[in-house]
Each structure stands twice: as C-alpha cells, then as structure tokens.
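Residue-level listing of the chains:
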Amino acid sequence: MLTIDQYVRAESLEQAYELCQKRNHVVLGGMLWLKMQDRKVGTAIDLCGLGLDRITETERAFELGAMVPLRALETHEGLNAMTRGAFARSVEHIVGVQFRNCATVGGSVFGRFGFSDVLTLLLALDARVVLQGAGELSLEEFCARPPFRDILVRVIVPKGAEGTVYLSQRNSATDFPVLTCAIARREGAFRFAIGARPGRARVYLDEKGLLSGRITRDSALAMGEDLSRRVPMGDNLRAGAEYRTKICQALVRRGLLKLEEAR
Amino acid sequence: MEIHLNLNGKPLDAEVRADTLLLDFLRAHGCLSVKRGCETANCGLCTVLLDGTPVLSCSLLAARVDGRCVQTLEGLQEEAGGFVTFIADQGAEQCGFCNPGFVMNTIALLREYPDPTDDQIRAYLAGNLCRCSGYEGQLRGIRAYLNHKKAEEAQ
C-alpha cells in the first residue's frame, strides 16, 4: 500500500528540485505505477501547477512538457502529422483513454520503464531531455545513466524525420507490449529503437549499411535478421527471449516496408 | 490539508490526508456511483470527469483536484439519460457494476466525437471492462442512440 505523509504542489522548478533530493521524497507523474507500489513516501512533489502540461512547437522541434498526458500525444495534430500517426500508434494500446489522460510523458520517460511504448518512439526520433539539475542531454544518454534525483522538465522532439513508424506486439489488447519497435529515417539514415525486450528500449543503427540504397523486401529482411541477432532479449511472464527475437525480426522488416510504402 | 473544488456544480471545501485517493474522497462525499474495481487503473469503474476529461479516480490524489471541477454520474443524470435506455434495451446491462464507469466514459466520448464510428467507440471504451456482456451490447446501444438522434435531427 502506498502512503504519503505530505503533499506539496511545487511553486517552482527550483523548489521541486530541492525537495526531490531527499531519499523518501517522490515526484508525482501520473501516479499510475507509483500507486501500485508498497511504499511509504515522505513528501509527494506535484508539478501540476508549473505549466508543464503543454506541447509547444518551435521552428526545429516539438517540446513536450513533463506533465503532458499521453492522450495529448495521441490527439496532437502537429506531432502526428510529423510522424504520420506514429505518436498515436505508440500510445493507443495503453489501457484506455482515462488511463492515458492520467499517465504523463514525464512519468513514462523519467521512469525509463522497459515496457514504455513512448520511450521507444522518442528514442527512435532522437529526442533530447531537459532536466532541472543536469540540463539538456540526449534521451539515449539519459537512458544509459543509472537512476539519479532530478526533475524532468521537458522532452524535445526534433523535426526533420523523413519517415517514422511504430509497431508493437501484444498478447492481448491493452496489455503491456511483448516487444516494441520504432524506426525513424533522417537524412537517409535509419535509427531503430527496440523496447520491452523486456528491458528498457535501446537504439540501433544500420552499421553494416544493409539499407544503403533503398528498402527492398530483401534488405528489410536482412536488417530484421541483423537486429534480431544484435538486440539482447530476456524472458518475463509475457514472452521468452527466443520468441522476442523472432518478433523483433518481423517487426523490423514490417516497419521498414511500411516506411517505404509511405514515401 | 484543505482542498477547494467544484463537485457536480457545487463548491466544496474539505479536509483530506495527503494520500487520500479521489475515489475514496468522492464516495465519502456521497458519490456512490464511483465504484472501486481493480484498483490497478485497468477496469474504468472509477471513471470521473476532471475539468471535463475522463480520468481514473482510483489513481488520483484528492489533493490534486484542489481548485478543479469534478463530475460524477450523480451530477450528469440528465446527460446520461439520453442514451442509457438505449444501452439497457440491448441487454448490455447485466450485473450493472461496470455501468457507471461506462456511462461516464460514453459521455466523454460523445462530447469529443459527437458522431463516432464503431471503431472510435470501441477504441474510446477500451478502458472500461465488463465481465458480463462481451461489449457488443454497449456498442449496439450507443449506435442505436446515435441513429435515433440523427433521425430526430433530420425531422
């Protein structure tokens, strides 16, 4: 059971950052995962009064505030026009509309959960994160760091991807994914993110140049086979490593063919 | 701590603990349509509208709704009354336990998509679990209501 001694609605990012340095102080996201834990929280720090629930567009990027609900990613016209609906695809299977109205970008990204659909897509899009203490860094670098105490302020999603695709495999609708796969093409190069391995998503590139030239059935298959050998998979209740490896090959191949179709 | 909110159109000041969930708060204030189901944010039984947006009250702190507007089925009887009989006519209400959550989310659906497709209805209501009906009855009921509304508007 979750217990909370004190609730503080932060009045500034500085205050939130200072408060979150204590071990039993917790920053609230959507609270959906936190609430499932058997945990005693000293102070719950709520960022909901800091205006971080907005998506803003600049010339070069979309900026997602940490408190933007996942539902907003699903319905935002600009994000979905840029990614041909990949943002909507990446969250539409997450439980239900009410859940996605509660779950936040910050909660999903800062938690770096293995099952995170959103994290997979953001990694493929080469997103950057802005943290109150650590400043701006690539999401990939953030994911590689061990957990640390900070406040995620926003996620920057650069424009310029020529094509984006998101696919996932689930045992049943609205369940956690068995495997997630996002692919983005930028300046002719491909960036793959594979998540729910079941570990957190990782980024891969076409290091062997299998896709140089263009995507064909053969090159897509070769890339799928290559990644299924490179991506480390594990077992959990939903699937075994061997099954995930097979799924990885299929999702990468299908994703690439989908990218090519959409050109 | 003290919170101030608007509950079903009426201002309310109340004292809550830091870890009081909105679900418990609402039931303690007489909103018994808000049901405790899975408590893992999966079933949709505890759906309420927060500033018009459907959310899960089992996973929301009461402290978080300070200064905001909360609506439960108790405050939306008239709006729900338009379509619930169509759902009942299809035999979609069996044990009825999931019904308030379904109705609340259907209100949100029809506000956001006044003329939804069947796929939009299915997708929007995917977070409301029903162990009796198999969901087809609810879909038929909402479709029957929409057809009825269109026929009325055409006259």
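Look above for the structure.
Given the structure is predicted, the values throughout are model-derived calculations rather than measurements.

K.L.:
Please explain the pattern of salt bridges as it appears in this structure.
P.N.:
Between side chains of opposite charge, a pair can form as their charged atoms come close. Residue and element names in this part refer to chain A. Summed over all chains, the structure comprises 26 salt bridges over all chains. Between Lys159 and Glu57 there is a salt bridge, with its nearest N and O atoms 2.6 Å apart. A residue pair is termed long-range when its members are at least 10 positions apart, and Lys159 in the loop between strand S8 (152–158) and strand S9 (163–170) and Glu57 in strand S4 (residues 55–57) qualify at 102 residues. Its relative accessible area of 25% is what places Lys159 among the partly exposed residues.

K.L.:
Which parts of the structure should I look at to understand the interface of chain B and chain A?
P.N.:
Note on interface size: it is often stated as the accessible area lost on association of the parts. Residue-level contacts link 29 residues of chain B with 26 residues of chain A. In this assembly, chain B packs against chain A so that about 2100 Å² is buried in total across both faces, 57% of it on carbon and sulfur atoms. The interface formed by chain B and chain A includes 2 salt bridges. Of the charged contacts in the structure, one is a salt bridge between Arg64 of chain B and Asp46 of chain A, with a shortest N-O distance of 2.8 Å. Connecting chain B to chain A are 12 residue pairs in polar contact (both at pLDDT 80 or more). At 4 residues, the largest contribution of residues to the side of chain B that touches chain A is made by strand S4 (residues 53–56) of chain B. Considering only residue class, the side of chain B that touches chain A consists of 15 nonpolar, 9 polar and 5 charged.

K.L.:
Could you clarify how one ought to interpret the sheet that holds S4 of chain B in this entry?
P.N.:
Consider a sheet: its strands pair through backbone hydrogen bonds, and that pairing is either parallel or antiparallel. Residues and elements named next belong to chain B. Spatial ordering of the open sheet is given by S2-S1-S5-S3-S4, a layout of 5 strands whose pairing is mixed. Each of the sheet's edge strands pairs with one partner strand only, and the pair in question is strand S2 (10–15) and S4. Averaged over all pairs of adjacent strands, the angle between strand axes in this sheet comes to 40 degrees, irrespective of strand direction. Relative to S4, strand S3 (residues 47–50) runs antiparallel, the two sharing 4 bridges. If you follow Val48 over to S4, its bridge partner there is Val55. Helix H3 (residues 99–112) contacts S3, S4 and strand S5 (69–71) of the sheet and is inclined by roughly 40 degrees relative to S3.

What counts, and where the lines are drawn
Residues take numbers from 1 onward in each chain, read along the sequence in its written order. Both sets of labels track the order of writing: A upward for chains, 1 upward for ligands. Totals for whole chains, interfaces and linings use every residue, but because this is a predicted model, local features are given only for residues with pLDDT of at least 70 and side-chain atom pairs only at 80 or more, for both listing and counting. Side-chain measures here rest on the full set of heavy atoms in the structure, leaving out hydrogens and waters. Each salt bridge in this description consists of a side-chain nitrogen of Lys or Arg and a carboxyl oxygen of Asp or Glu lying within 4 Å of one another. Only DSSP runs of H or I covering at least 4 residues are called helices, and only runs of E covering at least 2 are called strands; the numbering of each starts at the N terminus. Burial classification: accessible surface area is computed with a 1.4 Å probe over protein chains only, and a residue below 20% of its type maximum counts as buried, one above 50% as exposed, and the rest as partly exposed. Should any heavy atoms of two residues lie within 4.5 Å, those residues are considered in contact. In short, buried area is how much 1.4 Å probe accessible area vanishes from two parts on joining, totalled over both. Nitrogen and oxygen atoms within 3.5 Å of one another constitute a polar contact, given that in protein one can donate a hydrogen and the other can accept it, and given that sequence-neighbouring residues count only through two side-chain atoms. Charged means Asp, Glu, Lys or Arg here, nonpolar means Ala, Val, Leu, Ile, Met, Phe, Trp, Tyr, Cys or Pro, and polar covers whatever is left, Gly included. For two strands to pair, DSSP has to find at least two bridges joining them. Structural elements are reduced to axes, namely lines fitted to C-alpha atoms, with helices fitted over the stretch in contact, and the angle between N-to-C directions of any two is expressed from 0 to 180 degrees.

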